[in-house]
Amino acid sequence: MDRLTPRRARAQQPGPRAWVEALAFAAHLPLSRADLDLLSPINDHLRDHPDAEPVPIPERSYELYRDEKRLTRITTHRLVTAGMLSITDHLRAFPSLAPLAMYELGPAPWMLIVENSAAFTSLRRILKGWPRRHEVGWLAYGGGDHLVASLTTCLETFEEREHPIEDLLLYTDLDLDGLECAQQAAERAREAGLPPLVPAAGLYGPLLTRPPRAVPVADAGRIRAAAAWLPEPLAAKACELLPQGEVLRQEALPKPRLEQLLCPDRTLLPQLQGQRSRTAIC
């Protein structure tokens with residue numbers, strides 16, 4: 001006698017539901033239980049509060065699901081990426097990015113972003129003592145994914161302080177991670193309408209003269225692509241160094257060297273931009 005194999009139970013589909021006009025598309029989709037769990041509170045909120053004031057996503061997430069992290073990845077949900085569910089119109093919410101740590105050290109219209117805390121601290125102390133305050137602008141601290149995610153938050157700070165910028169510089173470690181982060185941040189700056197994010201060549205040049213440290217060898221193709229963010233001849237020098245398993249961290253250019261490098265009798269911004277001999281010492 002043949003053995004009967006029990007049929008697999010079919011996944012239950014959610015029953016019919018009265019959707020508000022803004023979510024009418026849901027009536028024509030094969031919604032899973034997870035989809036229904038997501039959309040039902042949104043539907044109820046739109047029904048009861050059609051003119052709700054927009055709030056940060058975590059606040060709306062807590063209100064709808066009693067879980068502030070429930071909507072953490074909502075921007076990548078398939079209904080959002082397909083253009084059906086709108087964070088602005090349906091959730092009545094907006095992202096609340098962690099702010100970029102930035103300090104207004106003077107009135108000049110530029111900002112220098114520094115990746116490592118030690119280099120940031122050294123440069124902050126040097127710039128706070130700069131003899132001509134009108135030459136000093138913003139100094140910011142940020143690196144890696146946080147920099148890419150938070151870069152656009154500086155726009156609101158510029159507006160609040162009525163202190164916009166014309167030049168935006170970045171100083172990272174000279175390694176694959178630092179250079180790839182720089183490229184991603186440069187693209188984010190372009191999308192946000194910020195000034196072009198360019199290398200602080202006046203700092204990278206002297207950094208390349210310092211003793212490197214050894215790390216595991218990285219992919220040469222990725223190094224060449226990432227180093228393209230640097231101007232020549234810095235890009236070529238990075239492409240010589242990094243494929244050998246050598247990198248330069250910002251700590252290799254300590255405060256005493258930075259004080260020698262940044263000459264008080266010369267205009268500050270061109271020195272940061274590298275618009276003079278990169279090996280000149282005051």
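Rules used in this analysis
Residues numbered from 1 in each chain as written. Predicted model: local features only at pLDDT ≥ 70, side-chain atom pairs only at ≥ 80, totals over all residues. Heavy atoms only, no water. Pairing = 2+ DSSP bridges. Helix = DSSP H or I, 4+ residues; strand = E, 2+ residues; numbered from the N terminus. Axes fitted to C-alpha atoms, helices over the stretch in contact; angles between N-to-C directions. Contact = heavy atoms within 4.5 Å. Core = buried A, V, L, I, M, F, W, Y, C linked by side-chain atoms within 4.5 Å. Buried < 20%, exposed > 50% of the residue type's maximum accessible area, 1.4 Å probe, protein only. Phe/Tyr/Trp six-rings, centres within 6.5 Å; stacked < 30°, edge-to-face > 60°. Lys NZ or Arg CZ within 6 Å of the ring centre and 35° of its normal. Parallel < 35°, antiparallel > 145°, perpendicular 65-115°, else oblique. Left-handed = near helix turned anticlockwise from the far one by under 90°. Nonpolar A, V, L, I, M, F, W, Y, C, P; charged D, E, K, R; others polar. Arc of directions from axis to C-beta.

Engineer: Give a detailed account of the sheet that holds strand S5 (residues 138-141), specifying residues and quantitative values.
Structural biologist: Strand order in the open sheet formed by five strands is S3-S5-S4-S6-S7, and the pairing between neighbours is mixed. Edge positions in the sheet fall to strand S3 (101-104) and strand S7 (197-199), since each has one partner strand and no second. Strand-to-strand twist across the sheet, computed as the mean angle between neighbouring axes with direction ignored, equals 25°. Where strand S4 (residues 110-114) lies against strand S6 (residues 167-171), five bridges are found, and the strand directions are parallel. Each residue of the ladder has a partner; that of Leu 112, found in S6, is Leu 169. On the sheet, helix H4 (residues 117-128) packs against S3, S4, S5 and S6 and is oriented at approximately 165° with respect to S5. On top of the sheet, helix H7 (residues 176-192) reaches S6 and S7; it is set at about 150° to S7, its chief contact.

Engineer: Before we move on, can you summarise the nonpolar core with the specific residues and values?
Structural biologist: Considering soluble globular proteins, one finds that nonpolar side chains tend to be buried as a cluster. In terms of nonpolar packing, the biggest core is built from 65 residues, with Met 111, Leu 112, Ile 113, Leu 123, Tyr 171, Leu 203 and Leu 230 touching the most fellow members. If near-sequence neighbours (up to four positions away) are discounted, Leu 112 is found in contact with Leu 123, Trp 138, Leu 139, Ala 140, Leu 169, Leu 170, Tyr 171, Ala 200, Leu 203 and Leu 272. One finds Leu 71, Val 80, Ile 87 and Ala 93 within the second-largest nonpolar core, a separate group that totals 22 residues.

Engineer: Any details on the packing of aromatic side chains? Residues and values, ideally.
Structural biologist: Inspection of the entire model under this criterion finds five aromatic pairs. With a centroid separation of 5.4 Å and an interplanar angle of 75°, the aromatic rings of Tyr 171 and Tyr 204 are classed as edge-to-face. Separated by 33 residues along the polypeptide, Tyr 171 in strand S6 and Tyr 204 in helix H8 (residues 201-207) bring together distant segments of the chain. For the ring pair Tyr 204 and Trp 229, a centre distance of 6.1 Å and an interplane angle of 85° mean the geometry is edge-to-face. Taken as a pair, Tyr 204 in helix H8 and Trp 229 in the loop between helix H9 (220-227) and helix H10 (234-241) lie far apart in primary sequence, 25 residues in all. A relative accessible area of 0% places Tyr 204 in the buried class. Every member of this aromatic cluster is reached through a ring pair, and the members are Tyr 103, Phe 120 and Tyr 141. A cation sits over an aromatic face here: Arg 70 above Tyr 65, 4.9 Å from the ring centre.

Engineer: Which residues make up the packing of H9 against H10, and what are the values?
Structural biologist: One way to put it is that H9 packs onto H10 with a least axis distance of 9 Å and a crossing angle of 160°. When the interaxial angle is binned, H9 and H10 end up roughly antiparallel. For the pair H9 and H10, the sense of crossing is right-handed. Packed against H9, whose contacting residues are Ile 223, Arg 224 and Ala 227, the element H10 presents Ala 235, Ala 238 and Cys 239 at the interface. Tallied by class, the residues present in the contact of H9 with H10 amount to five nonpolar, no polar and one charged.

Engineer: Can you break down H9 residue by residue, with the values?
Structural biologist: When H9 is considered as a whole, its buried residues turn out to be Ile 223, Ala 226 and Ala 227. Seen end-on, H9 carries its buried residues on one side only, within an arc spanning 95°. Buried-residue contacts for H9 involve H7 and H10.

Engineer: Run through the packing of helix H1 (residues 33-48) against helix H2 (residues 57-65), naming residues and quoting values.
Structural biologist: In the contact formed by H1 and H2, the axes pass within 10 Å of each other and the chain directions differ by 95°. Taken together, the axis directions place H1 and H2 in an arrangement best described as roughly perpendicular. Residues Asp 37, Leu 38, Pro 41, Ile 42 and His 45 of H1 touch H2, and the partners they reach there are Arg 60, Glu 63, Leu 64 and Tyr 65. Looking at the contact of H1 with H2 residue by residue, the classes come out as five nonpolar, one polar and three charged.

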